[in-house]
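Coordinates in review
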Amino acid sequence: MNALILLTLADPGGQLQEIANTFGVDWPHLVAQIISFGIVCVLLHRFAYKPVLHMLDERRLHITEGIAEREQIRSDLEQTEAERRRIVQQADAKATQIIEEAHAAATRLLEKETQKAVGVAEQVIAKSQQAALQEHDRMLADLKREIGILVVQATATVTRKVLTPEDQRRMAEETVTQLGRAA
């Protein structure tokens, strides 16, 4: 375009002038329009294009920051999830350990209580055996006494003699002695 203007200025009546006249070019208006267009372009560049470019750069930066933040959040989320899994595994392990300890404690307590119950049962059995032996000895002593009385009565009846208390006592002792040897 600048070349066209230079040619026009260099050759005022030449071929270029004819072409311009054929197309109806009015040079003062054309130059004014070119200057106006240049001013509009400069103004648009300064007040429209630069702010739009600046806004696009800010958006690009904002999008880049958003992507970086999203990646950071994703990374943090993965770390949090890994930490959560680790904590859950630790809790499971701890729960398993507590359950095993409870089972072991229950087993020990059961064994202790069983031993205590066996001890009490053995004591009860020993006391019952002792009581049974004492009762047996008492019954045997009663039986010997009764047999002694019966022997004295039988002897008194057979001999038809009245026995003195001394005779009764002696005969009862002899009977008890003989029964003691027989048992």
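Turning our attention to the overall build of the protein chain. On a plain count of helices and strands, the protein chain comes out with four helices and zero strands. Summing over all exposed atoms, the protein chain offers an accessible surface of approximately 15500 Å²; the carbon and sulfur share of this is 64%.

What the rule picks out here adds up to nine salt bridges. Salt-bridge contacts for Glu81 lead to Arg84; the nearest nitrogen and oxygen are separated by 2.4 Å. With Glu81 and Arg84 both in helix H3 (residues 27–159) and three residues apart, the pair spans about one turn of that helix. Its salt-bridge partner being Asp142, residue Arg138 comes within 2.9 Å of it at the nearest N-O pair.

Think of an α-helix as 3.6 residues a turn; residues three or four steps apart then line up on the same face. The complete set of buried residues in helix H2 (residues 15–23) reads Leu16, Gln17 and Ala20. Buried residues of H2, viewed axially, fall in a sector of 100°; they line one side. Among the exposed residues of H2, those pointing more than 90 degrees away from its buried face are Gln15, Glu18 and Thr22. Trailing H2 by a residue or two, Gly24 shows a phi angle of about 75°, which is positive.

Once that is clear, we can look at the confidence of the model for the protein chain. On average, the protein chain scores 85 in pLDDT, and the residues at 70 or more come to 89%. Within the protein chain, helix H1 (residues 2–10) has the poorest average pLDDT of any element, 53, and H3 the best, 90.

Rules used in this analysis
Residues numbered from 1 in each chain as written. Predicted model: local features only at pLDDT ≥ 70, side-chain atom pairs only at ≥ 80, totals over all residues. Heavy atoms only, no water. Helix = DSSP H or I, 4+ residues; strand = E, 2+ residues; numbered from the N terminus. Areas by Shrake-Rupley, 256 points an atom, 1.4 Å probe, with all protein chains shown as cover. Salt bridge = Lys/Arg side-chain N within 4 Å of Asp/Glu carboxyl O. Buried < 20%, exposed > 50% of the residue type's maximum accessible area, 1.4 Å probe, protein only. Arc of directions from axis to C-beta. pLDDT = per-residue confidence, 0-100.

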